[in-house]
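Chain by chain, the residues:
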Amino acid sequence: MSMEYSVPIYWRNRVNYYKLIGGRCKKCGRVFFPPQSRCPYCSSDNVEPVSLPRIGRLLSYTVSYNPPEGYKLQTPLIIGLIDLGETRIIAQLTDVSLEEISEGIEVEAVVRKIREDRTAGLIHYGYKFRPVISH
Amino acid sequence: MGVYVKSYGMTKLGRSYNKSLYDLVFDALSDMEGLDKPDMIIVSTVFTAATIGQLDIASKITEIAGFKGVPAIRVETGETSGHNSVLMAFRLLAGGMYDNILVIGAEKMTEFVAARMYKEISKVFDSEYESYMGVGHASLHALAMKEYMKRYGKTHKELAYWPALMHKNAADNPYAALRFPVDQDSVVKANVISDPITLLDSYPLVDGAGALLLTRSPNSALAEVKYAYSSTDVKPVTHKEDLLDLPAARRVYSKIKNENGLDLSVDLYDVTDQFTITPYLILESIGIAERGKSVDMANQGVFDRDGEIPINVTGGLKARGHPFGATGVYQIAELSGILSGTFQIQIPETKEAMIIGVNGLGSNASGILLGRR
């Protein structure tokens, strides 16, 4: 059985996807997402992983009616720009109707199915955000 | 020691279901005048590994071109591939490595359904954290467009001056894909792709091939390539300091301006405008317009063909079409034609023209300054 998507790539990223791991620069102090081995702001390689807060504020969003292939069942996709305090993240919004969304609402990270490998049947998971219900 | 555009060839952009990528390259080269064997071929294409499944495509294209044996490489930097191909050719020629380089840009974007292409196109952004999540080309530009409208209090209809102008400009470009007029209201009311971006705020998926013969000899050349410069910026959009700022484009523009002692503006510009928001971000990032003012300038007609600073006079990516790897080649070919008086569209008194290409929301930027021969 062949696979369309790489399992090792998904496997390497799974902790970042599930636990919202970003990077913190020990030189300039900035926090960033996605994580990488060099600070995007001061280019220092002295960076460490950091758990990002799972609750943030929705800064903006767009509703996508023509998403890339592989996301048809989730259409329309709601793509949010979310403020997590020290950094921002772009993610799908889930468990929410278009009427319930407005800029400024509190949203929280949840683990959800992102896509399915058509031929191998593997399900890839990742973060999405929903309006806060777990206070 | 100068570098010159000796000749160009292009195919009409559109859906060429009956022609292969190689047929289009063949047609573009047949459209050229005085094409002798070059010292090198640089092929610009973004999606061919995915769309037609060919690697080392530069050698196959070289065979089709009839120049078997000539060294050939492919350049890929997303939406700036064509610009950076010309930049590489410019450097090699200016450095005296070669006398003639043929740059060929080619893309086939209708071999699959649109959703499949949108998946490929989304990879011009960060693949593992943006494309993976289903975030496409249009959605990231939509977030930028929303932010712009909110920050500067502009309406979609005001922004829509740009696509309406591009359709008007493309009407007499024989190579353009969308030659019908649209008005600002119809842009706003068209089908939504990723709100606020509608179908008419967006570029069409097209097939096409374009070619430029660059040379060190000014004899019977069309235009001079006076300078070329390129710069990069962060890849993930969330690493950007400001969603609306394109620092790489600013570095490119400043460098070209400073190295050539230019005043604030050259006679003619051609900038990336695959979505309505993009040209405004470029013009404000490089300083042609103040922050938040470019939309007003557009609505006042400043960027019209007969305006103070004409931009994208041949229809832009928006209406000419955006065959990714070939786009920069089309822009440079058309402006070379305008500078030499050989293109179907003429802008009198044009002495210098600048092309600024941007990938995505600014991860790569590349600029070319052209002058009269």
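Residues numbered from 1 in each chain as written. Chains lettered and ligands numbered in written order. Predicted model: local features only at pLDDT ≥ 70, side-chain atom pairs only at ≥ 80, totals over all residues. Heavy atoms only, no water.

Colleague: Give a detailed account of the packing of helix α4 (residues 81-94) of chain B against helix α15 (residues 324-340) of chain B, specifying residues and quantitative values.
Modeller: Residue and element names in this part refer to chain B. Viewed as axis vectors pointing N to C, α4 and α15 meet at an angle of 65°, and their least axial separation amounts to 5 Å. Of the residues in α15, those touching α4 at Ser 81, Gly 82, His 83 and Val 86 are Gly 325, Gly 328, Val 329, Gln 331 and Ile 332. Partitioned by chemical class, the residues of the contact of α4 with α15 number 3 nonpolar, 6 polar and no charged. (Axes fitted to C-alpha atoms, helices over the stretch in contact; angles between N-to-C directions. Helix = DSSP H or I, 4+ residues; strand = E, 2+ residues; numbered from the N terminus. Contact = heavy atoms within 4.5 Å. Nonpolar A, V, L, I, M, F, W, Y, C, P; charged D, E, K, R; others polar.)

Colleague: Just give me the short version of the nonpolar core, but keep the residues and values in it.
Modeller: Within the largest apolar cluster, 98 residues are counted, with the highest numbers of intra-cluster contacts made by Ile82(A), Leu93(A), Tyr127(A), Phe129(A), Phe303(B), Met354(B) and Ile356(B). Looking at this core, the element that brings in the most residues is helix α7 (residues 137-152) of chain B, giving 8 residues. Residues Val75(B), Leu87(B), Leu93(B) and Tyr175(B) belong to the second largest nonpolar core, which totals 40 residues. (Core = buried A, V, L, I, M, F, W, Y, C linked by side-chain atoms within 4.5 Å. Buried < 20%, exposed > 50% of the residue type's maximum accessible area, 1.4 Å probe, protein only.)

Colleague: Before we move on, could you go through the sheet that holds strand β1 (residues 21-25) of chain A and cite the residues and values that matter?
Modeller: All names here are of chain A. With antiparallel pairing, the 3 strands of this open sheet are ordered in space as β2-β1-β3. Each edge of the open sheet is held by one strand with a lone partner, namely β2 (31-32) and β3 (47-51). Two strands pair when backbone bridges link them, and β1 and β2 are joined in this way by 2 bridges, in the antiparallel orientation. From the neighbouring strand, Gly 23 faces β2, where its bridge partner is Phe 32. (Pairing = 2+ DSSP bridges.)

Colleague: Talk me through the pairing of strand β5 (residues 77-83) of chain A; I want residue IDs and the actual numbers.
Modeller: Residue and element names in this part refer to chain A. Of all the 7 residues making up β5, 6 are buried; the element is thus mostly covered by neighbouring parts of the structure. Strand direction decides the pairing type here: strand β4 (residues 55-64) and β5, joined by 7 bridges, are antiparallel. Of the residues in β5, the one forming a bridge with Thr 62 is Ile 79. Direction of pairing for β5 relative to strand β6 (residues 88-93): antiparallel, over a ladder of 6 bridges. Residue pairing in the sheet places Ile 82 in a bridge with Ile 89 of β6.

Colleague: Could you give me a rundown of helix α1 (residues 7-19) of chain A, with the residues and numbers involved?
Modeller: In this model, α1(A) (13 residues) spans 19 Å end to end at C-alpha, consistent with the 18 Å of a helix rising 1.5 Å per residue. Remark: the principal bend of α1(A), roughly 50°, maps to Asn13(A). Within α1(A), burial applies to Tyr10(A), Asn13(A), Asn16(A) and Tyr17(A). On the buried face of α1(A), the contacting elements are β1 and β8 (123-131) of chain A together with α6 (127-131) of chain B. Two or three places before Ile9(A), at the opening of α1(A), Ser6(A) has a side-chain oxygen 3.1 Å from that residue's backbone nitrogen. (Expected span 1.5 Å × (residues − 1). Bend = angle between axes of the 7 residues up to and from the residue. Polar contact = N/O pair within 3.5 Å; in protein donor to acceptor, adjacent residues only side chain to side chain.)

Colleague: Give a detailed account of the side chain of Ser194(B), specifying residues and quantitative values.
Modeller: The residue Ser194(B) is located in strand β5 (residues 192-194) in this model. According to the relative accessible area criterion, Ser194(B) is buried, its value standing at 0%. At 2.9 Å, the side chain of Ser194(B) forms a polar contact with the side chain of Ser139(B). In contact with Ser194(B), other than residues within four places in its own chain, are Thr62(A), Val63(A), Ser64(A), Ala138(B), Ser139(B) and Ala142(B).

Colleague: With reference to specific residues and values, describe the state of the cysteines.
Modeller: Working definition of a disulfide: a covalent bond connecting the sulfur atoms of two cysteines. Residue and element names in this part refer to chain A. This structure, assessed with the given rule, holds 0 disulfides over all chains. Left unpaired, Cys 28 is separated from the closest cysteine sulfur, that of Cys 25, by 3.7 Å. In this structure Cys 39 is a free cysteine whose sulfur lies 3.7 Å from that of Cys 28, the closest cysteine sulfur available. Classification of Cys 39 by relative accessible area gives buried; the value is 3%. (Disulfide = S-S within 2.5 Å.)

Colleague: Describe in detail the environment of Pro34(A), supporting the description with residues and values.
Modeller: Secondary-structure assignment places Pro34(A) in the loop between β2 and β3. Looking at Pro34(A), the relative accessible area reads 4%, which means it is buried. Considering only alpha carbons, one finds Pro34(A) and Gly23(A), 11 residues apart in sequence, at a separation of 7.3 Å. Residues contacting Pro34(A), with those up to four places away along its chain left out, are Tyr129(B), Pro236(B), Thr238(B) and His239(B).

Colleague: Let's hear about the side chain of Thr215(B): which residues, and what values?
Modeller: Residues and elements named next belong to chain B. Inspection of the secondary structure puts Thr 215 in strand β7 (residues 208-215). Judged by relative accessible area, Thr 215 falls into the buried class, the value being 4%. For Thr 215, the side chain forms a polar contact with the side chain of Asn 100, separated by 3.1 Å. Ignoring sequence-local partners within four residues, the contact set of Thr 215 consists of Gly 2, Val 3, Tyr 4, Lys 6, Leu 93, Asp 99 and Asn 100.

Colleague: So what's going on with the packing of aromatic side chains? Which residues, and what values?
Modeller: Think of a pair of aromatic rings as described by two things: how far the centres are apart, and how the planes are tilted against each other in angle. If you walk through the whole model with that rule in mind, you get 17 aromatic pairs over all chains. With 6.4 Å between their ring centres and 45° between their planes, Tyr253(B) and Tyr269(B) make a pair best called tilted. A residue pair is termed long-range when its members are at least 10 positions apart, and Tyr253(B) in helix α11 (residues 247-259) and Tyr269(B) in strand β9 (residues 268-271) qualify at 16 residues. Residue classification places Tyr269(B) among the buried positions, given a relative accessible area of 0%. Through pairs of rings, three or more aromatic residues link up here, namely Tyr10(A), Tyr17(A), Phe33(A), Tyr127(A), Tyr129(B) and Tyr132(B). If you follow Arg91(B) out to its NZ or CZ, it ends over the ring of Tyr227(B), 6.0 Å from the centre. (Phe/Tyr/Trp six-rings, centres within 6.5 Å; stacked < 30°, edge-to-face > 60°. Lys NZ or Arg CZ within 6 Å of the ring centre and 35° of its normal.)

Colleague: Could you give an account of the pattern of salt bridges, naming the residues involved and the relevant values?
Modeller: Residues and elements named next belong to chain B. For the coordinates displayed, the defined rule picks out 27 salt bridges over all chains. Residue Asp 99 is joined to Arg 216 by a salt bridge in which the shortest nitrogen-to-oxygen separation is 2.9 Å. Highlighted residues: Asp 99 in the loop between α4 and β4 (100-107) and Arg 216 in the loop between β7 and β8 (223-232), separated in sequence by 117 residues. With a relative accessible area of 38%, Asp 99 lands in the partly exposed category. Note on Arg 216: relative accessible area 22%, which makes it partly exposed. Where Glu 259 meets Lys 255, a salt bridge forms, and the shortest distance between an N and an O atom there is 3.2 Å. On the criterion of helical spacing, the pair formed by Glu 259 and Lys 255 is a turn pair, its members being 4 residues apart in helix α11. (Salt bridge = Lys/Arg side-chain N within 4 Å of Asp/Glu carboxyl O.)

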